[in-house]
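Observations on chain architecture
Residue strings, one per chain:
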Amino acid sequence: MCADMTTDNAKLTKAEENLAVVRAMFSGISDSTTNYSGYLEGSYNSAIHPDIEYYGHGPRGEIEIMIGKESHDNVNRICRRYMDEGASDDELVGCWPAGEEMVVTHIRLRRRATVTGEVASYDCVVLYRVEDGMITKGVDLVDKKCEEFWARTISAS
């Protein structure tokens, strides 16, 4: 889990504030009571800027360029069509500041495909840029298991 970088009486630096924004995004989707829909209805989505630029792996296992919150949300909706939400969750393994605006995260994802019943666990590193308390840019890199899982899932549907 992410290390707490503050003391009770210390004023937060910009990097610490941004770290808190990213940690809060995952608070609703990293616990056992919240499923993948937390991305669209929960704490994660509330931190996404309306004009976000996100470069990440979509359900076809390819890099998707998502410009704007609606585009970002649409990719998550597509992924949800192929997943058993009750058997899918994310774990924020760690997060670290990278300068004043950026936060690096290590996320472990578990997914169960509704089409094949296959269960996969894979890792992802995401770099977020935080401005004025909102995620304005993001870039992810997933391990090969993720790409292969989504390729099998999509081709089976």
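A brief structural summary. Predicted, not measured: the structure shown is a model, and the values here were computed from it.

Description of a nonpolar patch on the surface
A surface patch of nonpolar side chains, amounting to about 310 Å² of accessible area, comprises Ile63, Ile65 and Ile67. You can see Ile67 is positioned in strand E2 (residues 63-67).

Concerning the side chain of Thr136
Turning to its location among the elements, Thr136 is positioned in strand E6 (residues 134-142). Contacts of Thr136, omitting those with residues within four sequence positions, involve His49, Asp51, Ile52, Glu53, Arg129 and Glu131.

Comments concerning helix H5 (residues 144-156)
Counted at 1.5 Å a residue, the expected span for H5 with its 13 residues is 18 Å, and the 18 Å between its end C-alpha atoms agrees. Considered for burial, the residues of H5 that qualify are Cys146, Phe149, Trp150 and Thr153. Taken end-on, H5 shows its buried residues confined to a sector of 90 degrees, consistent with a single buried face. Across H5 from its buried face, at more than 90 degrees, point the exposed residues Lys144 and Ser155. Residues of H5 that are buried make contact with helix H4 (69-81), strand E4 (102-112), strand E5 (119-131) and E6.

A word on the nonpolar core
Within the largest apolar cluster, 32 residues are counted, with the highest numbers of intra-cluster contacts made by Val22, Phe26, Ile107, Tyr122, Tyr128, Ile135 and Trp150. Considering each element in turn, this core owes the most residues, six residues, to E5.

A short note on unusual backbone geometry
Non-glycine residue Asp132 carries a positive phi angle of around 50 degrees. In this fold, Asp132 is placed in the loop between E5 and E6. Residue classification places Asp132 among the exposed positions, given a relative accessible area of 73%.

Side note on the side chain of Glu16
Note that Glu16 resides in helix H1 (residues 14-27). One buried charged side chain, Glu16, makes no salt bridge at all; its nearest oppositely charged neighbour is Arg23, positioned 8.2 Å away. Of the polar contacts made by the side chain of Glu16, one reaches the backbone nitrogen of Thr13; its length is 2.8 Å.

What counts and how
Residues numbered from 1 in each chain as written. Predicted model: local features only at pLDDT ≥ 70, side-chain atom pairs only at ≥ 80, totals over all residues. Heavy atoms only, no water. Patch = residues over 30% accessible without salt bridge, like charges linked within 9 Å, V, L, I, M, F, W, Y side chains within 5 Å. Areas by Shrake-Rupley, 256 points an atom, 1.4 Å probe, with all protein chains shown as cover. Salt bridge = Lys/Arg side-chain N within 4 Å of Asp/Glu carboxyl O. Helix = DSSP H or I, 4+ residues; strand = E, 2+ residues; numbered from the N terminus. Contact = heavy atoms within 4.5 Å. Expected span 1.5 Å × (residues − 1). Buried < 20%, exposed > 50% of the residue type's maximum accessible area, 1.4 Å probe, protein only. Arc of directions from axis to C-beta. Core = buried A, V, L, I, M, F, W, Y, C linked by side-chain atoms within 4.5 Å. Lys, Arg positive; Asp, Glu negative; His and termini not counted. Polar contact = N/O pair within 3.5 Å; in protein donor to acceptor, adjacent residues only side chain to side chain.

Functional significance is not addressed by these values, which are geometric in nature.
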